[in-house]
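Descriptive structure summary
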Amino acid sequence: MKSENKITIELLEEHEKVNFYTIQYDGETENEFIKFINQFAEQPKYKKDLLIIIAWIDKIATRGALERNFRTAESKMNDGVCAIPIETSKLRLYCLRISDEILIIGSGGIKNKKTYNEDSKLNDCVSILASLDKYIKTKKKTANISIIGKTITGDLSFVIKQNNITK
């Protein structure tokens, strides 16, 4: 059964070289990135991995969202879905890299399968970001979304249909 959810892109943090955005589900009090942090901050088994992810985000904040800072083979060709690159961990945080100056941080989870699409939670995380990438590209063509430097403006809310709700 498919369910519809309204999602809004919201500014998370501004830095000199990059702005971080995240997604917020309508009616929820926390955005997806904060939910991810809170979920794993309380789990000692993943605390070290979470600290590595946070260190990578800090590195990206100072250098920019350069393609080499991500695992880019996390989704289909031609979308900007990627993951924070920690090879020694099963913890994944998925992002949508719009440019060197804009990164939309999504959600993630524990990778227990060989590929993300074998796990319904991780597959949903990636699918949401892939849908968001398609939405942004379509809305840029019609001038409903504008990307200038580190800023995204315009119609930043959309409805997504999901098979499995992973909120």
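You'll find the structure just up there.
As a starting point, this report considers the structure included with it. Just so we're clear, the structure is a prediction, and the values are computed from it rather than from any experiment. (Residues numbered from 1 in each chain as written. Predicted model: local features only at pLDDT ≥ 70, side-chain atom pairs only at ≥ 80, totals over all residues. Heavy atoms only, no water.)

Moving on, we get to the overall build of the protein. For the protein, the count of helices and strands is three helices and eight strands. When the elements of the protein are put in sequence order from the N terminus, they spell out β-β-α-α-β-β-β-α-β-β-β. In the protein, which comprises 167 residues, the share counted as buried stands at 46%. Sequence separation of at least 24 residues holds for 55% of the intrachain contacts in the protein that already meet a minimum separation of 6. About 8,900 Å² of surface is accessible on the protein, with carbon and sulfur atoms providing 48% of the total. (Helix = DSSP H or I, 4+ residues; strand = E, 2+ residues; numbered from the N terminus. Buried < 20%, exposed > 50% of the residue type's maximum accessible area, 1.4 Å probe, protein only. Contact = heavy atoms within 4.5 Å. Areas by Shrake-Rupley, 256 points an atom, 1.4 Å probe, with all protein chains shown as cover.)

Now for unusual backbone geometry. For A143, which is not a glycine, the phi torsion comes out positive at approximately 65 degrees. Examined against the element boundaries, A143 turns out to sit in the loop between α3 (120–141) and β6 (145–148). The exposed category is assigned to A143, whose relative accessible area is 64%.

This part is about the environment of I23. In this structure, I23 sits in strand β2 (residues 19–25). Residue I23 is classed as buried on the basis of its relative accessible area of 3%. Residues I23 and S157, 134 residues apart in the sequence, show an inter-C-alpha distance of 9.3 Å. If we ignore the near neighbours within four places in the chain, the residues touching I23 are I7, T8, N31, E32, I104, I105, I128 and L132.

Before going further, it helps to examine the side chain of N19. Residue position: N19 is located in strand β2. The contact partners of N19, leaving out residues within four places of it in the chain, are L11, E13, E14, E101, I102, L103, K150 and T151.

A separate point is the side chain of T22. Residue placement: T22 occurs in strand β2. Overall, the relative accessible area of 0% leaves T22 in the buried class. In this structure the side chain of T22 is engaged in a polar contact, spanning 2.7 Å, whose partner is the backbone oxygen of I105. Beyond its immediate chain neighbours, meaning those up to four positions away, T22 contacts T8, I9, E10, L12, N31, E32, F33, I104 and I105. (Polar contact = N/O pair within 3.5 Å; in protein donor to acceptor, adjacent residues only side chain to side chain.)

Moving on, we come to helix α1 (residues 32–41). Residues of α1 that are buried: E32, F33, K35, F36, I37 and F40. You can read the cap of α1 off the contacts: a side-chain oxygen lies 3.1 Å from the backbone nitrogen of F33, and it is on N31.

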